[in-house]
Amino acid sequence: MRHHPVFGHLEVVGKLMSKIPSDAHGDYMMVMILDNWRELFPGCDRCPPVAYVDAWPFSPPMAISLHPDVSAQFTQQFNLDKPPEQNAFLYPLTKNLDLSSSNGPAWKVRRRRMNLALSPQTVMARVPDLLEEVAVFVSVLRQKASKDGSWGNVFPLQRLCTLLTLDVIGKYILDIRMHEQTSPMTPFSKSMIDTLSRLRFFVTIANVFDVYNPWWRYKMWSNTRAMDNFLLPFIHQRLDDRARLEAQGKAEDASGRPRTLVENLVKSMAEDKEDESTFIPYALGETKHTFFAGHETSAFTIAYVYLILSQKPEVLARLRKELDEVLGSDAASALRASPHLLNSLAYTNAVIKETMRIHTNVGTLRQGTPNFNLYGPPGSGFEGICFPTEGCVVWDGNFAIHRHPDVWERPLEFIPERWLTTDENDPLYPPKNAWRSFVQGARNCVGQHLAMTEIKMVLAMTVREFDIECAWDEWDALKGRKGKTETIWGERCYQISKDGMPHVKDDMPVHVRLRDPSQ
Ligand code: HEM
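Calculation rules
Residues numbered from 1 in each chain as written. Predicted model: local features only at pLDDT ≥ 70, side-chain atom pairs only at ≥ 80, totals over all residues. Heavy atoms only, no water. Near = heavy atom within 4 Å. Polar contact = N/O pair within 3.5 Å; in protein donor to acceptor, adjacent residues only side chain to side chain. Helix = DSSP H or I, 4+ residues; strand = E, 2+ residues; numbered from the N terminus. Donors = N, O, S within 2.8 Å, 3.2 Å for Na, K, Ca; no water. Pairing = 2+ DSSP bridges. Axes fitted to C-alpha atoms, helices over the stretch in contact; angles between N-to-C directions. 1 Å grid on protein atoms, 1.4 Å probe; cavity = no way out; pocket = protein on both sides within 12 Å on 5 of 7 lines; lining within 4 Å. Points joined across faces, edges and corners; volume = space filled by probe spheres on them.

Enquirer: How should the site of the ligand be read in this particular structure?
Expert: Taken together, 27 residues lie near the ligand, and Lys82, Trp107, Arg111, Thr364 and Cys445 sit nearest. A distance of 2.9 Å separates an oxygen atom of the ligand from a polar side-chain atom of Trp107. At a separation of 2.9 Å, an oxygen atom of the ligand approaches a polar side-chain atom of Arg111. Elements with a minimum of two residues in the shell around the ligand: helix H6 (104–117), helix H14 (276–311) and helix H19 (448–462).

Enquirer: So what exactly am I meant to see when it comes to the coordination of the iron atom of the ligand here?
Expert: Ideal coordination angles are 109.5 degrees for a metal with four donors arranged tetrahedrally and 90 or 180 degrees for a metal with six donors arranged octahedrally. Inspection of the coordination sphere of the iron atom of the ligand shows a single protein donor, Cys445 (SG), at 2.3 Å. Following the sequence through the fold, Cys445 ends up in the loop between helix H18 (398–401) and H19.

Enquirer: What's the story with the sheet that holds strand E4 (residues 365–367) in this structure? I'm lost.
Expert: Strands in a sheet are paired, the pairing made by backbone hydrogen bonds, and the direction either parallel or antiparallel. Overall, mixed pairing links the four strands, which are arranged E1-E2-E7-E4 in an open sheet. Sheet topology places strand E1 (50–53) and E4 at the edges, where each strand pairs with a single neighbour. Neighbouring strand axes in the sheet, compared pairwise and without regard to direction, differ in orientation by 25° on average. With four bridges joining them, strand E2 (residues 62–65) and strand E7 (residues 393–396) adopt parallel strand pairing. Within E7, the position partnered with Ser65 by the bridge is Asp396.

Enquirer: I'm lost on empty space enclosed by the protein in this one. Help?
Expert: In this approach, a probe sized like a water molecule rolls over the atoms, and the result shows the empty space that is left. Counted according to the given criterion, the structure contains one cavity of 30 Å³ or more. Looking at the largest cavity, its volume works out to about 30 Å³. Lining the largest cavity we find Leu157, Tyr306, Leu307, Ser310, Ile468, Glu469, Cys470, Met508 and Val510.

Take a look at the structure:
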């Protein structure tokens, strides 16, 4: 890409981003590079598998992977460390006592503990508990629909999904009902969301005063105090429970009740013979990070699945048919009795994965080093060409990779069937390394089983009772907006950046109606 001796790639990037709305999320940059590669790399006859972007002083130099087999080199074949910017970003929330901002031996211990706490078996055992929170979501949707079967008033769907995911994670981590969906927000969630809104991934001249001012410091201090005061009694209670069991010479409590995430962490602490004085700050950091990592990401995905279902009636019809066949008319009772039925929802699973491909959430950032180079993979047109990573943040460009025409058959079409084919010769068969919504390799998303389980439960319990569709006209009228509306690729529900994490524009305004008001 054309590089200016003083302004680096600022002009090129500025021009690219000026083609989309100014509030669009920064992740669109990688897709814009992919879509405009002919113009950006005039000497090339294929899109390069790595694009370097020098956007200083707004971010450090970046090496963006635009090819799945390049991403595999630094996440799967070799596991590059997270960059210092990630630690700086998370420090105010977790003091870096969390999985995501750790590297090396500390990461290994934390990952082992979190693997256990979020394993498929552990998640499955909690399905009956989690269903209670999804049932609240259903009842809130009922209140939002009109009684006579007509559309209810418009409301921001991602906001409601966020409250749901907070309730689900609260139940999973602490075994409490946070009632975020039905009551004013808890001090914990309020403080966490306020903290997140004040974090900046890259501190640059453009935002340095957002971060380095006394008010920021005061808010971080008071939010941390509120979050810790909320969490500490639960952590102490679980430590006391474990001490009591040990005093009785028992390994487990006799109730057979499945363990919460905090209980699993306490169990690991006991097995590792870790002292409480180091464990308690760690448990605070890890639980806060789990709340953070699992709520917006899942809410964003649930909202986009509803968007897709409203745009693809044939997909919605097939999804409903599968749910009828596997779960019968009462999904909650069927799942309470047999949570593993979720594993039989092959088409539902395919719809979620395809939604996550088209509407990709976050990727991963790693720190380049002098000793680690990337190489053009076979079939890329850049075979064996070396792409150094020294001095760069290396970015897994999953959003772009998911739309790459050299990687996917009919990449821009929504085709759940690509996740059902088992024939490797079928052009739709997803190539190895290509689906990167949870990243791949040792540092993939440790919460993915919980996320998929939660989304499946939500679909199972809602899509046959409700129709949900975007209601932009009503929303615009409510907000007094007139004139031209902004879109990306013709879609008003594009991704914006609120606190660094991608959100759906305006939290996706929708309305909802009951399919059968007589029920
Ligand atoms: C659809 C929902 C979700 C998506 C798309 C998603 C995506 C991701 C991605 C892309 C990463 C890698 C991030 C990085 O390297 O910086 C990640 C890591 C992580 N995720 Fe998720 N996630 C989701 C849900 C969850 C949930 C529900 C939890 C926990 C309750 C969770 C916990 C974590 C943790 C702890 C990590 C760090 C793993 C490590 O560094 O070893 N995520 N997730």
